[in-house]
Every structure is written in C-alpha cells, then in structure tokens.
Amino acid sequence: MPVPRRSFLGAFSAGMAAPPSTFAAARGREASMAGGDPPTAPPAGALQLDSNENPLGPGPLAMEALRGALVDAGRYPSNSHPSMADLRVAIARRASVTPDNVALGAGSWEILRTAVRLYTSSARHLVTAAPSYEQPEKVADQLGVGVHRVPVDKDGRLDLDRMAEAARWAGLVFLCNPNNPTGTVHGATAVAEFVARVGRESPETTILIDEAYHDYVTDPSYATAVPLALEHPRVVVSRTLSKAYGLAGMRVGYAVGQKRTVEAFNRWAITFNQNSLAVAAAVASLGDAAHIEGERARNTEARAFTTRLFQDLGYGVMESQTNFVFVETGHPAREFKEACAHRGVLVGREFPPLDQRHARVSIGTIEEMQRAGVVVAEVLGGARPQPAGAAAGSQRPR
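Rules of the game
- Residues numbered from 1 in each chain as written.
- Predicted model: local features only at pLDDT ≥ 70, side-chain atom pairs only at ≥ 80, totals over all residues.
- Heavy atoms only, no water.
- Helix = DSSP H or I, 4+ residues; strand = E, 2+ residues; numbered from the N terminus.
- Polar contact = N/O pair within 3.5 Å; in protein donor to acceptor, adjacent residues only side chain to side chain.
- Contact = heavy atoms within 4.5 Å.
- Pairing = 2+ DSSP bridges.
- Axes fitted to C-alpha atoms, helices over the stretch in contact; angles between N-to-C directions.
- Phe/Tyr/Trp six-rings, centres within 6.5 Å; stacked < 30°, edge-to-face > 60°.
- Buried < 20%, exposed > 50% of the residue type's maximum accessible area, 1.4 Å probe, protein only.
- Lys NZ or Arg CZ within 6 Å of the ring centre and 35° of its normal.
- Salt bridge = Lys/Arg side-chain N within 4 Å of Asp/Glu carboxyl O.
- Core = buried A, V, L, I, M, F, W, Y, C linked by side-chain atoms within 4.5 Å.
- Right-handed = clockwise from strand over helix to strand, strands pointing away.

K.L.:
Which residues make up the side chain of E211, and what values do they have?
P.N.:
Within the secondary structure, E211 is located in the loop between β6 (206-210) and α8 (226-231). Within the structure, E211 has its side chain in polar contact with the backbone nitrogen of A225 (distance 2.6 Å). Here E211 is in contact with N177, Y222, A223, T224, A225, V226, V237, S238 and R239, once residues within four sequence places are set aside.

K.L.:
Lay out the sheet that holds strand β8 (residues 252-256) with the relevant residues and their values.
P.N.:
A sheet is described by the order of its strands in space; here seven strands give the open sequence β2-β8-β7-β6-β5-β3-β4, paired in mixed fashion. Of all strands in the sheet, those bounded by a partner on one side alone are β2 (102-106) and β4 (147-151). Each strand of the sheet is rotated relative to its neighbour by a mean of 25°, with strand direction disregarded. Here five bridges tie strand β3 (residues 126-130) to β4, and the two strands are oriented parallel to one another.

K.L.:
Can you break down the packing of aromatic side chains residue by residue, with the values?
P.N.:
Under the counting rule described, the total for this entry stands at four aromatic pairs. Aromatic side chains Y76 and F272 sit 4.9 Å apart centroid to centroid with 15° between the ring planes, which places their arrangement in the stacked category. In this pair, Y76 sits in the loop between α2 (60-69) and α3 (84-95) while F272 sits in the loop between α9 (259-268) and α10 (276-286), placing the two residues 196 residues apart along the sequence. Under the relative-accessibility criterion, Y76 is labelled exposed at 53%. What makes F272 partly exposed here is its relative accessible area of 35%. Ring plane angle 55° and centroid distance 6.3 Å describe the contact between Y119 and F265, whose orientation is recorded as tilted. Within this pair, whereas Y119 is found in helix α4 (residues 107-119), its partner F265 is found in helix α9, the two being separated by 146 residues in sequence. When sorted by exposure, Y119 lands in the same class as F265, which is buried. Here the basic side chain of R360 rests over the ring of F324, its NZ or CZ set 5.6 Å away from the ring centre.

K.L.:
Which residues make up the pattern of salt bridges, and what values do they have?
P.N.:
Per the stated rule, a full pass over the model turns up 16 salt bridges. Measuring nitrogen to oxygen at the nearest pair gives 3.1 Å for the salt bridge that ties R168 to E201. Note that R168 is positioned in the loop between α6 (160-166) and β5 (172-176) and E201 in helix α7 (residues 188-201), a separation of 33 residues in sequence. With a relative accessible area of 39%, R168 lands in the partly exposed category.

K.L.:
Can you explain the environment of T271? Please cite residues and give values.
P.N.:
Relative to the helices and strands, T271 is located in the loop between α9 and α10. For T271, a relative accessible area of 62% corresponds to the exposed category. When the C-alpha atoms of T271 and G105 are compared, they prove to be 9.9 Å apart, with 166 residues separating the residues in sequence.

K.L.:
Give me the nonpolar core: which residues, what numbers.
P.N.:
Core analysis: the largest hydrophobic core is formed by 54 residues, its most contacted members being L87, M163, L175, F194, I207, I209 and L241. The dominant element in this core, judged by the number of residues it contributes, is α3, at six residues. Ignoring anything within four residues of it in the chain, the contact list for L87 reads L104, V252, Q274, V279, A282, V283 and L286. Judged by nonpolar contacts, the second largest core, of 25 residues, contains F310, V325, A359 and A372.

K.L.:
Can you lay out the pairing of strand β7 (residues 235-240) for me, pointing to particular residues and giving the numbers?
P.N.:
Most of β7 sits inside the fold, with six of its six residues counted as buried. The two faces of β7 match: V235, V237 and R239 on one face and V236, S238 and T240 on the other face are all buried. One ladder, built from four bridges, connects β6 with β7; its direction is parallel. The partner of I207 across the bridge, within β7, is V235. The parallel pair β6 and β7 is bridged by α8, and the resulting crossover is right-handed. As judged from the four bridges shared by β7 and β8, these two strands associate in the antiparallel manner. Looking across to β8, one finds that R239 is bridged to Y254.

K.L.:
Can you explain the environment of A302? Please cite residues and give values.
P.N.:
Within the element layout of this structure, A302 appears in helix α11 (residues 289-312). The contact partners of A302, leaving out residues within four places of it in the chain, are I363, G364 and I366.

K.L.:
An account of the sheet that holds strand β10 (residues 324-328) is needed here, citing residue identities and associated values.
P.N.:
Read across the sheet, three strands follow the order β9-β10-β12 without closing on themselves; strand pairing throughout is antiparallel. Looking along the sheet, the strands with just one partner apiece sit at the ends: β9 (316-317) and β12 (358-362).

So this is what it looks like as structure tokens:
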C-alpha cells in the first residue's frame, strides 16, 4: 500500500530505536571495499544506506534453496546440486542466450577486473565517466594503465559524445548504465548509437556495459545491451545478483558476450568463483521471476518516496533508475557521511568530482527512509519536517 508523501512527519525522532541487526543480515560492504579501506563490520543497529544493497535480502525460494544446499556444503561447486554448470544454464535462460555466452564471476567485481586486464595496457587506456563505479579505474591504476575520466553532464548522465571521442585508441570503455552513483540511465537507441560510433572510429576498442541495476529500471526507453553483446565481439555486458536478487553477500556475477569473448574471460576466471550455497540460491532466484517483479515494484515505490522526501526537505535529487539517489546536499560528502554516521545512519562515500556538494543515499524500506529523513534534516541544519496539515507558511531548509 503506498505511503503518503508526508506520513512519516511527526512520527519519528532522531532517538528512535534502530532496526534489529537481523534486518540487515544479508547486506555486504560495497562502500568500504570500493573505497579502498579494509572491510569492517558496520556498528550494531546502524541503518545501512551506503552500499546499494537489497534491504530485504534473498527471496523466499532462495532461502529455501540455501537450507536445502547445506547437504552439499562439503562438495566443490562443480560437484554440488545444482552445480556451477546449472547456474550458467539458469543465467543463460534468464538472459535469453546460450550457456556458451555466459562467464561467471565472484560478483561483477571479478568481471570488471578481468576486463581491464584483458583489454587495456600501457598503450591502450581505459575510458570511464566521472563519477562512475570506481572498480575498473582502480584496477587500471594498479596496473599502470592510463585512465581518461569523462565528466558526467549537468544532469548526472554519461556524456556519450565525449566518451566516444575519448575512446579513440582506448583499450576499454566502461559504460555503467544505469550509472553509479548518479543513478541516471541512457535509452537503448543512445547506447546502440554509441556502440556503432566507437566501432567505426576505434574498432579495436572494447566496450563493457555494466547493468548492475538492470532490474530496477522503469524508463521505457531503456533496454538491455545483451543483443549488442551477441552482435559485436567488442561488446560485453556485466551483471550481478547483488542488487535486486539480494545476494550481495554471496558474490554472484556474470558477463554476457560472444563465445570467443566469454572464453577469454573464462581463462582469467578464479577457479571455483562460486560456492555451492551461492549456486543454489542463485539458481532459485533466477527462476523466481515473480519475486523480482515484486522487488522492482517495491523499489520503485520506495525510490519515489525517497525522492519526494529529499525534495520536500529542499534538496535536489538526480533522476534515478536504481536503488539509490544522488542528492545535492550543498555540503561535502565526507562531512555529510560522518555526521549521519554519528546519528546511526550510514550513507555513501565520496564520489569525485561531485563530492563537494552531492552524496549518494541507498534506498532501504520506506520505514528506513522515514528515519533517514529526520536525520538528514538535522544534519543539514534544516527545520525538522512538519507534520501533515502544519501551517502553510512553514519554511523548508535551503
């Protein structure tokens, strides 16, 4: 049932009890790991809105599969039931490809790292957006590969024209669509035109299109780039089950491409990059289309609620097609993050070059976002949100 825009007003206070720790048990630590810091457990009871995880964790069929898979915990994942081969089949079925078009990864992280190793060199640079998901550029930096960072436009969208120009002589272009952290998306036509242009102007350049947030998109102009990956040997699509599927802690990711492209990824793959429990949960989740549709609907409602919440407090929000929002707080992200953490709410890390005025906030349940709204108002020095029906002349924080 939809929650009214201001139903949280007056009902929550900064000192309210934190959600039980079991509520967030399935959540991972994307924020600290991608930031380069040693992984640490979040404080007990903290509200985790920093790592773009599914607040509800795995679906019921996945949980049932996990319980049943314990009997195979002593088997290698190639010998368990279901096996890694079964997982590849399940992914292929879900993506409408053949198993030969699928490479498995320990989350999409392994896929992104492998792509940088495969396609870049000291003479062939990486092209990425600024800001975008940092894993590819961090790997490139480690390998001594040049990185060309193309700023997003004023609306937080990838600047495809400038990225295409930067792609000349590049080894790899990383195209995060929808983009993390801005949440914006490009439609299918724009992506296809970009692929065609890069193919004409720099035919030796590979394009990695990351679709980590594919299942959350509601923009009708969007479509997966999997057909492009099947058509072009220099296009790869990466996906993860860490988001809508709620398996962030189980590290299941994959790439889709032509057979020879996939074979190259497989040669670099970690041996047994899945475990038997993750395989069972993933196979069950991939077969549970109704659960993913329900999760998309839940996130869409919570995303709209969260966007209105911040807008009602007086802050701009970029148009998101993901399970997070990028908010113009007007304050440095580090200061905002630390102040929120002091009050028991964890929000996203810094994303240069927009880190002086913007912050990323993951979308939890509507109840979690209600609590977050009160904390945000306090942190940013605005007036506490007024109950519905308050005087029309009350002012918003600016």
